[in-house]
Amino acid sequence: MRILIIEDEHKAANYLKKGLTENGFSVDIANDGEDGLHLAMTEQYDLIILDVMLPIKGGWAIIQELREAGKEVPVIFLSARDAVHDRVHGLELGADDYLVKPYAFSELLARIRIILRRHPLQQSELLKLADLELDLVRHKARRGGQTLDLTVKEFQLLALMLRRRGEVLSRTTISEQVWGINFDSDTNVVDVAIRRLRKKVDDPFPLKLIQTIRGVGYVIDEAV
């Protein structure tokens, strides 16, 4: 699942990204409102964490433009502005939640999971293909009844491929979705990750699901 953080305090944004990444999310950061709005408009995110006070364009304006453009992506305001009228204003503009800084990361994580479970645009929490199952909420993978021991990045990579089963994903697409938009796709990290994932997902089983489309990328399906 992809989350966009729009936060101008670099230390706070990086702390938040670290925590979310460790919990299985793919995270992008924008440090001003203009860049944040551009990413929110042009990329596909499952949730946006938005500060109110931002350079160039503030959080109020960002959520207004998103909703006016028909973007129903869930939004959580994370702000030091703790007045009741600020919290009410944020919710009235279309935010799904409003959390005041300083906050407990465990509480934010719980709120994120609740919103992702209840939001009407959220995709299935259980991804299936043949005898392979991926539980996005419990962060568990099983194949043929056996539990697969996946790293965070392996889990994210497998989730991406299952969501887009049958679609050939380029190395650039995979690197952007799993490692972030600034990832250097010229390295062989994607190929190494796919190779390690195959050892766990495919090698012990007769039916191979992950396929290489030479010169293009990778695809997961029962038959290619």
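Treat the numbers as computed from the prediction; the structure is a model and nothing was measured. All residue numbers refer to positions counted from 1 along the written sequence of the respective chain. Reporting of local features is limited, given that this is a predicted model, to residues whose pLDDT is at least 70; pairs of side-chain atoms are given and counted only at 80 or more, and all residues count toward the totals for whole chains, interfaces and linings. Side-chain figures throughout are based on the complete set of non-hydrogen atoms in the structure, without hydrogens or water.

Take a side-chain nitrogen of Lys or Arg and a carboxyl oxygen of Asp or Glu: if they are within 4 Å of each other, that pair is a salt bridge. Applying the stated criterion across every chain, the model contains 17 salt bridges. Arg-81 is the salt-bridge partner of Asp-86, the closest N and O atoms lying 3.1 Å from each other. You can call Asp-86 buried: its relative accessible area is 7%. With relative accessibility at 28%, the residue Arg-81 sits in the partly exposed group. For Arg-143, the salt bridge goes to Asp-202, with nearest N and O atoms at 3.0 Å. A simple rule labels every residue: compare its accessible area, found with a 1.4 Å probe on the protein chains alone, to the largest value its type can have, and call it buried under 20%, exposed over 50%, or partly exposed in between.

The next subject is the side chain of Gln-156. Runs of H or I in DSSP of at least four residues are treated as helices and runs of E of at least two as strands, each being numbered from the N terminus. Structurally, Gln-156 can be placed in helix α6 (residues 152–163). Within the local environment of Gln-156, its side chain forms a polar contact with the backbone oxygen of Gly-24, the two atoms lying 3.1 Å apart. With sequence-adjacent residues up to four places away left out, Gln-156 is seen in contact with Thr-21, Gly-24, Phe-25, Ser-26 and Val-178. The definition of a polar contact used here is a pair of N or O atoms within 3.5 Å, where within protein one atom must be able to donate a hydrogen and the other to accept one, and adjacent residues in sequence count solely through side-chain atom pairs. Note on contacts: a residue pair is in contact if any heavy atoms of the two residues lie within 4.5 Å.

So, about the environment of Val-73. With respect to the secondary-structure elements, Val-73 resides in the loop between α3 (59–68) and β4 (75–79). For Val-73, a relative accessible area of 11% gives the class buried. Sequence spacing of Val-73 and Leu-109 is 36 residues, and the spatial spacing of their C-alpha atoms is 17 Å.

Let's shift gears to the pairing of strand β11 (residues 217–220). Bridge analysis of strand β10 (residues 210–213) against β11 gives four bridges, and the strand direction is antiparallel. When the bridges of β11 are listed, Gln-211 appears paired with Val-219. The criterion for strand pairing is that DSSP finds at least two bridges linking the strands in question. Between β10 and β11, which pair antiparallel and follow one another directly, the connecting turn spans three residues, one of which, Gly-215, has a positive phi of 80 degrees.

To continue, consider the sheet that holds strand β7 (residues 132–135). Ordered in space as β6-β7-β8-β9, the four strands form an open sheet in which the pairing is antiparallel. The open sheet is flanked by β6 (126–129) and β9 (146–148), the only strands paired with a single partner. Taken pair by pair, the neighbouring strands of this sheet meet at an average axis angle of 20 degrees, ignoring direction. Sheet analysis places strand β8 (residues 140–143) next to β9, joined by three bridges and oriented antiparallel. Its bridge partner being in β9, Arg-142 is matched across the sheet by Thr-147. Axis definition: a line fit to C-alpha positions, over the contact stretch in the case of helices; interaxial angles, taken between N-to-C directions, run 0 to 180 degrees. Packing of α6 onto the sheet brings it into contact with β6, β7 and β8, and relative to β7 it is tilted by some 115 degrees.

Let's shift gears to the packing of aromatic side chains. Any two rings among Phe, Tyr and Trp, with Trp reduced to its six-membered ring, count as a pair given centres within 6.5 Å; such a pair is stacked if its planes are under 30 degrees apart, edge-to-face if over 60, and tilted if neither. Applying the stated criterion to the full structure yields three aromatic pairs. When the centroid spacing of 6.4 Å and the interplanar angle of 75 degrees are considered together, the rings of Tyr-15 and Phe-105 count as edge-to-face. On the criterion of sequence distance, the pair formed by Tyr-15 in helix α1 (residues 10–22) and Phe-105 in helix α5 (residues 105–118) is long-range, its members being 90 residues apart. Relative to Tyr-98, the ring of Phe-77 has its centre 5.8 Å away and its plane inclined at 45 degrees; by these criteria the two rings are tilted. Here Phe-77 is found in strand β4, whereas its partner Tyr-98 is found in strand β5 (residues 97–100), with 21 residues between them in sequence. With respect to burial, Phe-77 and Tyr-98 carry one shared label: buried. An aromatic cluster of three or more residues is present, and its members are Trp-60, Phe-77 and Tyr-98.

The UniProt entry lists Asp-51 under the feature "modified residue: 4-aspartylphosphate" (unreviewed entry), expressed in the numbering used here. Looking at the element boundaries, Asp-51 is found in the loop between β3 (47–50) and α3. According to the relative accessible area criterion, Asp-51 is buried, its value standing at 4%. Excluding residues within four positions of it along the chain, Asp-51 makes contact with Ile-6, Glu-7, Asp-8, Gly-59, Phe-77, Leu-78, Ser-79 and Lys-101. UniProt positions are given in the numbering used here, feature names are shortened, and annotations may be inferred rather than shown by experiment.

Turning next to unusual backbone geometry. In the segment running from Lys-101 into Pro-102, the intervening peptide bond is cis, with an omega of -5 degrees. When you line up the elements, Pro-102 lands in the loop between β5 and α5. Positive phi, normally seen in glycine, also occurs at Ile-56, with a value near 70 degrees. Summarising the element assignment, Ile-56 is placed in the loop between β3 and α3.

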